[in-house]
Amino acid sequence: MNSHTTFLVFGPAATLRRMSGKMFKEHPPKFLYEHIKEENGLFVAVYEEYEKQINSSVTLTCIFESTAKHNKIILKKTGGRMGFRGSSLSEERNIEANVIDFILDFGKRFGLTVQEEQISDVPKEDDEDDI
């Protein structure tokens, strides 16, 4: 099972550059670190939301790497409680769902190619043929 979600977004360089600014304006993070070198940018945003019903906070770390050819967005969700007595899944949309919807919607609206990268955390076993 993957512990993070990775999106690769391809398209025109001008549109890719606007994506990070638009995302952080529409969904402002609690903390934002920005490092820009030449035309490439690296942003680390931390979103935090408190779920009052289950008395826990959920943190979403978003690593946004922007280059002229593509944007790479890594989402890592931590915190919260699962499986404890009295906890229930909330019907409200969480920050992770909002950020993913923004990425997909922005890509569709501006004609970008959005790919979810599938990386397995389980190491591959060597194929051995028994004769």
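See the structure above.
In this numbering scheme, every chain counts its residues from 1 along its sequence in written order. Reporting of local features is limited, given that this is a predicted model, to residues whose pLDDT is at least 70; pairs of side-chain atoms are given and counted only at 80 or more, and all residues count toward the totals for whole chains, interfaces and linings. The side-chain numbers reported here are obtained from all heavy atoms of the structure, hydrogens and water having been left aside.

Peer 1: Help me out: how do you make sense of the overall build of the protein chain in this one?
Peer 2: Scanning the protein chain for helices and strands turns up two helices and six strands. Going from N to C terminus, the protein chain has its helices and strands arranged as β-α-β-β-β-β-α-β. Any residue under 20% of the maximum accessible area for its type is buried, any over 50% is exposed, and the rest in between are partly exposed; the area is computed with a 1.4 Å probe on protein chains only. Counting every position in the protein chain, which comprises 131 residues, the buried fraction comes to 29%. Any two residues having at least one pair of non-hydrogen atoms within 4.5 Å are treated as being in contact. Across the protein chain, contacts joining residues at least 24 apart in sequence account for 56% of those joining residues at least 6 apart. Numbering of helices and strands runs from the N terminus; a helix is a DSSP stretch of H or I covering at least four residues, while a strand is a stretch of E covering at least two.

Peer 1: Got a minute to help me understand helix H2 (residues 95–109) in this structure?
Peer 2: Residues separated by three or four positions in an α-helix point in the same direction, a consequence of the helix having 3.6 residues per turn. Under the convention used throughout, the expected extent of a helix is 1.5 Å for every residue step, that is, one less than its residue count. Compared with the 21 Å implied by 1.5 Å per residue over 15 residues, the 21 Å span of H2 between its first and last C-alpha is a close match. Within H2, burial applies to Ile95, Glu96, Val99, Ile100, Phe102, Ile103, Phe106 and Gly107. Summarising the axial view, the buried residues of H2 lie within an arc of 150°, below the 170-degree limit, and thus occupy one face. Exposed residues pointing more than 90 degrees away from the buried face of H2 are listed as Lys108 and Arg109. Residues of H2 that are buried sit in contact with strand E1 (5–10), helix H1 (13–26), strand E3 (40–51), strand E4 (56–66), strand E5 (70–79) and strand E6 (113–117). Count one or two residues on from H2 and you reach Gly111, which has phi positive near 70°. To obtain the arc, one takes the directions from the helix axis to the C-beta atoms.

Peer 1: What is the right way to read the sheet that holds E6 from this model?
Peer 2: Remark on secondary structure: sheet strands pair via backbone hydrogen bonds, oriented parallel or antiparallel. Spatially, E2-E3-E4-E5-E1-E6 is the arrangement adopted by the six strands of the open sheet, whose pairing is antiparallel. One side of each edge strand has no neighbouring strand; the edge strands of this open sheet are strand E2 (31–37) and E6. On average, each strand axis in the sheet is tilted by 15° relative to the strand beside it, whichever way the strands run. Across the sheet, H1 lies against E1, E2, E3, E4 and E5, angled at about 160° from E4, the strand it touches most. As a rule, the C-alpha atoms of each element are fitted with a line to give its axis, helices using only the stretch in contact, and angles between N-to-C directions run from 0 to 180 degrees. H2 rests against E1, E3, E4, E5 and E6 of the sheet, and its axis sits at about 20° to E1. Criterion used throughout: strands pair if DSSP finds at least two bridges between them.

Peer 1: I would appreciate a short explanation of the nonpolar core in the present structure.
Peer 2: Generally speaking, nonpolar side chains in soluble globular proteins are found buried as a group. In terms of nonpolar packing, the biggest core is built from 21 residues, with Met19, Met23, Tyr47, Ile73, Leu75, Val99 and Ile103 touching the most fellow members. Looking at this core, the elements with two or more residues in it are E1, H1, E3, E4, E5 and H2. Per element, the largest residue contribution to this core is six residues, and it comes from H2. In this structure, Met19 is in contact with Val9, Phe64, Asn71, Ile73, Phe102, Ile103 and Phe106, ignoring residues within four places of it in sequence. Here, nonpolar core refers to any group of buried Ala, Val, Leu, Ile, Met, Phe, Trp, Tyr and Cys residues whose side-chain atoms link them within 4.5 Å.

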